[in-house]
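Structural characterization, general
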Amino acid sequence: ASLEFTLAKRRGETGRLWRVGLWLGLGALAKWSYALFGLLWIVVFAAWNGDAKLLARRSFAAGMACLLVLAGGWPALQWALHGDAYVDQAFRTEVAARLTTDAFLSTSAWIYPRLFFETYWPWLPVFLLGLVRYPVRRSRPEAFRMIVAWVVPTLILILLPNRKYG
């Protein structure tokens, strides 16, 4: 979705912004939090680059409608089939309890970054190469904004909520 947004912006094809919602909606079918994170990333990146006017375009609104249809279809079906039991399990237990109770505590707030480096260590050299090369390409502020707009919300999402595993 973020690549679709940047392609539409760079090529001046704002009519294709509806695809952002399509990709986010498909992501929401797999995992809600990823779709919300993707939307947050796009909003932060657009606002920081002075492209917030793209978020007011009709094609982007159509994409958000597509997101709501795709992302809301499954919960609506589950609610119709299971009623309040689905709401209790999916939202009150999984979301509210994770943020407000000790039900999902783990040993460390840094468990997810640690697991990332342990599991995906082959990508670590690529990450480090990017950090080394960044000062060379500092003259591209849009690239810096994209990195910050991705890193900051990611750290907030993985470090603030209580952990379930670890």
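The structure presented is a predicted model; accordingly, all values stated were derived computationally and were not measured.

1. Considering the overall build of the protein
- Each helix and strand counted, the protein has eight helices and zero strands in total.
- Its helices and strands taken in sequence order, the protein reads α-α-α-α-α-α-α-α from the N to the C terminus.
- The 166 residues of the protein split such that 25% are buried.
- Taking the contacts inside the protein whose residues are at least 6 apart along the sequence as the reference set, 72% of them involve residues at least 24 apart.
- Put simply, the protein shows about 11200 Å² of open surface, and 69% of that area lies on carbon and sulfur atoms.

2. Some remarks on a nonpolar patch on the surface
- A surface patch of nonpolar side chains, about 640 Å² in accessible area, is lined by Trp 23, Leu 26, Leu 29, Trp 74, Leu 77 and Leu 81.
- Turning to its location among the elements, Leu 81 is positioned in helix H4 (residues 58–82).

3. Observations concerning the side chain of Ser 59
- Examined against the element boundaries, Ser 59 turns out to sit in helix H4.
- Only 2.4 Å separates the side chain of Ser 59 from the backbone oxygen of Thr 14, close enough to count as a polar contact.
- The residues touching Ser 59, leaving out its near neighbours within four places in the chain, are Thr 14, Gly 15, Leu 17 and Trp 18.

So, how was this worked out
- Along each chain, residue indices are assigned from 1 in the same order as the chain's sequence is written.
- Per-residue local features of the predicted model are confined to residues with pLDDT of at least 70, and side-chain atom pairs are confined, for both listing and counting, to 80 or more; whole-chain, interface and lining totals are unaffected and use all residues.
- Only heavy atoms go into the side-chain values, all of them from the structure, while hydrogens and water stay out.
- Numbered from the N terminus, helices here are DSSP runs of H or I no shorter than four residues, and strands are runs of E no shorter than two.
- Between buried and exposed lies partly exposed: a residue is buried under 20% and exposed over 50% of the maximum accessible area for its type, with that area taken using a 1.4 Å probe on protein chains only.
- Contact between two residues is taken to exist if any of their heavy atoms lie within 4.5 Å; hydrogens are not considered.
- The accessible surface values rely on the Shrake-Rupley method and a 1.4 Å probe; as for residues, cover is taken only from the protein chains in view.
- Only residues whose relative accessible area exceeds 30% and that form no salt bridge are eligible for patches; like-charged ones are grouped when within 9 Å, while nonpolar side chains (Val, Leu, Ile, Met, Phe, Trp, Tyr) are grouped when within 5 Å.
- What makes a salt bridge here is a side-chain nitrogen of Lys or Arg within 4 Å of a carboxyl oxygen of Asp or Glu, nothing more.
- For the purposes of these results, a polar contact is taken to be a pair of N or O atoms within 3.5 Å, where, inside protein, one atom must be able to donate a hydrogen and its partner to accept one; residues adjacent in sequence count only when each atom of the pair is a side-chain atom.

Honestly, it's all geometry; don't read function into it.
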